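Overview (structure and organization)
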Amino acid sequence: MQTLRFGGGKMTGKDGVRRYSMFFAGVPICAAGIALITRAGLGTSPISSIPFVLSLITPPTMGVYTFVFNMLFLACEALLLRRFTALQALQIPATLVFSACIDLALDLIPTQYGGPYPMSLLYLAAGCLVMALGISLEVMADVIMLPGEAFVRALSRALGREFGNVKVCFDSSLTLAAALIALLAFHKLNGVREGTLVSALAVGQLVRFYTRRLGGLRVLWLGTDGTKRSEIAE
């Protein structure tokens, strides 16, 4: 069977199918979680804050803006790395699916904006749980990343800083930019609220919880105990 190479690691064709199927299962789940958080009416996730605020101002949807901004992140990643590989190109269809799923989920999930606050909190909690599950599947698949995370990884390597620290700064910068846009457009923080902060604090912890608890699924589907392969070449 043909061997596929990812960075310094090797992956058989069958292993690749299993890993990419897990990754692409995680993408719509993550998108549904973002939609739930957004429909709570308490803001949205940091990575989606600018697309959401812009969708409140102009006709293009949140999914369209999500795709546009992720393509910008992909271009920035390629500039930092000074190369564009086939693996990076796979981020394009992944982002297309992700963006389309966000719009689909937003169409299907009723908004709680202006509704009872306890129901908004329930939506927010459910969204964080669902989004973290989707991210966990993407992480366990250990193949490609969506452009936002891939850009942060490239930036952290270029700066010689830890991924987690750069990710916090990146998300904070996006949230501040979204807040500024909202203030200029609405003179109030439409689209950036307490839900944005809650999701920023909760999702990472939930991902750690899921990845520990889903070891059985990883072994069953991927046939591995979770030992991380060599890092993927960008």
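In short, a report on the structure. Here the structure is a predicted model, which means the values were calculated and not measured.

A few words now on unusual backbone geometry. The residue Arg 82 is not glycine, and still its phi comes out positive at about 60 degrees. Mapped onto the secondary structure, Arg 82 falls in the loop between α3 (62-81) and α4 (86-89). Given the relative accessible area of 78%, Arg 82 is considered exposed. Although it is not a glycine, His 187 adopts a positive phi angle of roughly 65 degrees. Within the fold, His 187 resides in the loop between α8 (163-186) and α9 (194-213).

With that out of the way, let us pick up the packing of helix α6 (residues 117-141) against α9. With their axes 8 Å apart at the nearest point, α6 and α9 run at an angle of 40 degrees to one another. It follows that α6 is oblique to α9 by the angle criterion. α6 and α9 meet at a crossing whose hand is right-handed. Of the residues in α9, those in contact with Tyr 117, Leu 124, Cys 128, Leu 129, Met 131, Ala 132, Leu 133, Ile 135, Ser 136 and Met 140 of α6 are Glu 194, Gly 195, Val 198, Ser 199, Ala 202, Val 203, Leu 206, Val 207, Tyr 210 and Thr 211. In terms of residue class, the contact of α6 with α9 is made up of 15 nonpolar, four polar and one charged.

Residues Val 64, Val 68 and Leu 72 make up a contiguous nonpolar surface patch of about 230 Å² in total accessible area. Locating Val 68 in the fold gives a position in helix α3.

Across all of its chains, the model carries four salt bridges by this definition. Ionic pairing is found between Glu 149 and Lys 167, a salt bridge with its closest N-O pair at 3.1 Å. Taken together, the residues span a long stretch of sequence, with Glu 149 in helix α7 (residues 147-159) and Lys 167 in helix α8 at a distance of 18 residues. Residue classification places Lys 167 among the buried residues on the basis of a relative accessible area of 16%. With its nearest N and O atoms 3.3 Å apart, the salt bridge here joins Lys 167 to Asp 171. A residue pair is termed a helical-turn pair when its members lie 3 or 4 positions apart in one helix, as Lys 167 and Asp 171 do in helix α8 at four residues. Across the pair, Asp 171 and Lys 167 agree in class, each one buried.

Counting through the fold element by element, Ser 199 comes out in helix α9. The exposure class assigned to Ser 199 is buried, which follows from its relative accessible area of 3%. Not counting chain neighbours up to four residues away, the residues in contact with Ser 199 comprise Ile 37, Thr 44, Ser 45, Pro 46 and Cys 128.

Thresholds applied
Residues numbered from 1 in each chain as written. Predicted model: local features only at pLDDT ≥ 70, side-chain atom pairs only at ≥ 80, totals over all residues. Heavy atoms only, no water. Helix = DSSP H or I, 4+ residues; strand = E, 2+ residues; numbered from the N terminus. Buried < 20%, exposed > 50% of the residue type's maximum accessible area, 1.4 Å probe, protein only. Axes fitted to C-alpha atoms, helices over the stretch in contact; angles between N-to-C directions. Parallel < 35°, antiparallel > 145°, perpendicular 65-115°, else oblique. Left-handed = near helix turned anticlockwise from the far one by under 90°. Contact = heavy atoms within 4.5 Å. Nonpolar A, V, L, I, M, F, W, Y, C, P; charged D, E, K, R; others polar. Patch = residues over 30% accessible without salt bridge, like charges linked within 9 Å, V, L, I, M, F, W, Y side chains within 5 Å. Areas by Shrake-Rupley, 256 points an atom, 1.4 Å probe, with all protein chains shown as cover. Salt bridge = Lys/Arg side-chain N within 4 Å of Asp/Glu carboxyl O.

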